[in-house]
Amino acid sequence: MSRILGISNLTMAFGGVRAVQQFDLLLEEGGVHGLIGPNGAGKTTIFNVVTGIYRPQSGSVLFEGRELVGRRPFDIANAGIGRTFQNIRLFPNLSALENVIIAGHKDASYGMLEALTHLGRYGRVVRAQREHARELLAIVGLDAREKERAGSLPYGLQRRLEIARALAIRPRLLLLDEPAAGMNEEESVALVNFIREIRRRFSLTIFMIEHHMDVVTSLCDEITVLNFGKILARSSCMEEIKKNPSVVEAYLGKE
Ligand SMILES: Nc1ncnc2c1ncn2[C@@H]1O[C@H](COP(=O)(O)OP(=O)(O)OP(=O)(O)O)[C@@H](O)[C@H]1O
Ligand SMILES: [Mg+2]
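## Description of the site of ligand 1
Close to ligand 1 lie 15 residues; G40, K43, T44, T45 and Q86 are nearest. Note that an oxygen atom of ligand 1 is positioned 2.7 Å from one of the side-chain N or O atoms of Q86. Taken by itself ligand 1 offers 640 Å² of open surface, and the protein chains cover 65% of this. Contributing elements (two or more residues each) for the shell around ligand 1: β2 (17–28) and α1 (43–50). The element best represented in the shell around ligand 1 is α1, accounting for three residues. Here the shell around ligand 1 is built from residues that sort into six nonpolar, seven polar and two charged.

## Observations concerning the sheet that holds strand β5 (residues 66–67)
Pairing within the open sheet is antiparallel, and its four strands lie in the order β2-β1-β4-β5. Both edges of this open sheet fall to β2 and β5, since each of them pairs with a single strand only. With five bridges connecting them, strand β1 (residues 3–14) and strand β4 (residues 58–63) associate as antiparallel partners. Pairing of G6 across the sheet is with L62, part of β4. Across the sheet, α1 touches β1, β2 and β4, and the angle it forms with β1 is around 115°.

## With respect to α1
The buried count for α1 comes to seven of eight residues, which makes it a mostly enclosed element. If you check which residues of α1 are buried, you get K43, T45, I46, F47, N48, V49 and V50. Just downstream of α1, G52 is the residue with a positive phi angle, here 80°.

## Some words on the domain arrangement of the protein
Domain parsing of the protein yields domain 1 (1–80 + 171–255) and domain 2 (95–168). Here the C-alpha centroids of domain 1 and domain 2 sit 27 Å apart. When domain 1 packs against domain 2, the two sides together hide about 1,200 Å² of surface, and 74% of this comes from carbon and sulfur. The biggest single contributor to the side of domain 1 that touches domain 2 is helix α7 (residues 185–202), with six residues.

## Remarks on the coordination of the magnesium ion (ligand 2)
When a metal holds four donors in a tetrahedron, each ideal angle between them is 109.5 degrees; when it holds six in an octahedron, the ideal angles are 90 or 180 degrees. Surrounding the magnesium ion (ligand 2) are the protein donor atoms T44 (OG1) and Q86 (OE1), which sit 2.0 to 2.2 Å from the metal. Linking T44 in helix α1 with Q86 in the loop between β6 (81–83) and α3 (96–103), this pair joins segments that are 42 residues apart in sequence. Judged by its relative accessible area of 23%, T44 is partly exposed.

## Regarding helix α6 (residues 155–167)
With 13 residues, α6 extends 19 Å from end C-alpha to end C-alpha; this agrees with the ideal 18 Å at 1.5 Å per step. Of all 13 residues that make up α6, 12 are buried, and the element is covered over most of its length. The set of residues buried in α6 consists of G156, L157, Q158, R159, R160, L161, E162, I163, A164, R165, A166 and L167.

## Some details on the sheet that holds strand β10 (residues 230–235)
Overall, mixed pairing links the six strands, which are arranged β6-β7-β8-β3-β9-β10 in an open sheet. The open sheet is flanked by β6 and β10, the only strands paired with a single partner. On average, adjacent strands in this sheet sit at an angle of 20° to one another, irrespective of strand direction. As judged from the four bridges shared by strand β3 (residues 32–36) and strand β8 (residues 205–209), these two strands associate in the parallel manner. Pairing of V32 across the sheet is with I206, part of β8.

## Here's the deal with the side chain of S235
Considering the arrangement of structural elements, one finds S235 in strand β10. A distance of 2.8 Å separates the side chain of S235 from the backbone nitrogen of C237, its partner in a polar contact. A polar contact is formed between the side chain of S235 and the side chain of E240, at a distance of 3.2 Å. When sequence neighbours within four positions are dropped, the list of residues in contact with S235 reads E222, I223, E240 and I241.

## A few points about the packing of aromatic side chains
A full pass over the atoms with the stated rule returns two aromatic pairs. With a centroid separation of 5.0 Å and 75° between ring planes, the pair formed by F14 and Y54 is classed as edge-to-face. Of this pair, F14 sits in strand β1 while Y54 sits in the loop between α1 and β4; the two residues are 40 residues apart in sequence, bridging distant segments of the chain. The exposure class assigned to F14 is partly exposed, which follows from its relative accessible area of 34%.

The rules behind the values
- Residues numbered from 1 in each chain as written.
- Chains lettered and ligands numbered in written order.
- Predicted model: local features only at pLDDT ≥ 70, side-chain atom pairs only at ≥ 80, totals over all residues.
- Heavy atoms only, no water.
- Near = heavy atom within 4 Å.
- Polar contact = N/O pair within 3.5 Å; in protein donor to acceptor, adjacent residues only side chain to side chain.
- Areas by Shrake-Rupley, 256 points an atom, 1.4 Å probe, with all protein chains shown as cover.
- Helix = DSSP H or I, 4+ residues; strand = E, 2+ residues; numbered from the N terminus.
- Nonpolar A, V, L, I, M, F, W, Y, C, P; charged D, E, K, R; others polar.
- Pairing = 2+ DSSP bridges.
- Contact = heavy atoms within 4.5 Å.
- Axes fitted to C-alpha atoms, helices over the stretch in contact; angles between N-to-C directions.
- Buried < 20%, exposed > 50% of the residue type's maximum accessible area, 1.4 Å probe, protein only.
- Domains from an automatic or database assignment.
- Buried area = accessible area lost by both parts, 1.4 Å probe.
- Donors = N, O, S within 2.8 Å, 3.2 Å for Na, K, Ca; no water.
- Expected span 1.5 Å × (residues − 1).
- Phe/Tyr/Trp six-rings, centres within 6.5 Å; stacked < 30°, edge-to-face > 60°.

Here it is in structure tokens:
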């Protein structure tokens, strides 16, 4: 196995609030890492730093050996990192299919003139993008609903559509911010199977934030507990995490 992501000494502050302090993490290719912890612990902030939305005060984020700090979100997505958002960010008035096609836009290899005249590579590229988007919709179980407005899909399907959209850029690393949020037990079980399937199919490494402990236990091979921006515990054994008194006090005990 080789290292895909290496975060070291990461500190991100907003004014006086130190959201993340000296965070580090090593992710091996093919792994599934879970990030858990109470509300406001700094979990989403870590994702926002990795994807270039925030620039940290200090620290380094290496993806496949290359520094991401200082690079733009679009550039980081193109490098091979896909993500979903805690609060769903789809284009609600576009169809399910259009949402996925737009996300896969980096595939575009045609020139401006070809786009304007619809000649040459343009037609081929557009057809290929549409086909790829359709394949992804089929994988997430939305193929029968490709024409529906994203905003009118049920919540669980919007979450799946977000994942299809994240996959459109053909990522090697996928960040999932609370994929099971708002789901009941049956839906979370389906989600777990679905995440396993896409991980295998696309050889993904997954870094996920989740509050549903059953989802974390089923999927993750290592777990980090964050509290007030700092690492409280880290283990490959969920039982160990569940028994850790400071984790129980800061997080699990309050469930
Ligand atoms: N853009 C911002 N400006 C100011 N403060 C921010 C910003 N983003 C996050 N914070 C603060 O940083 C801290 C960590 O927030 P973050 O969203 O990373 O927490 P979280 O662990 O994802 O919580 P939750 O489980 O509720 O999603 C919070 O105190 C939050 O208010
Ligand atoms: Mg969050």
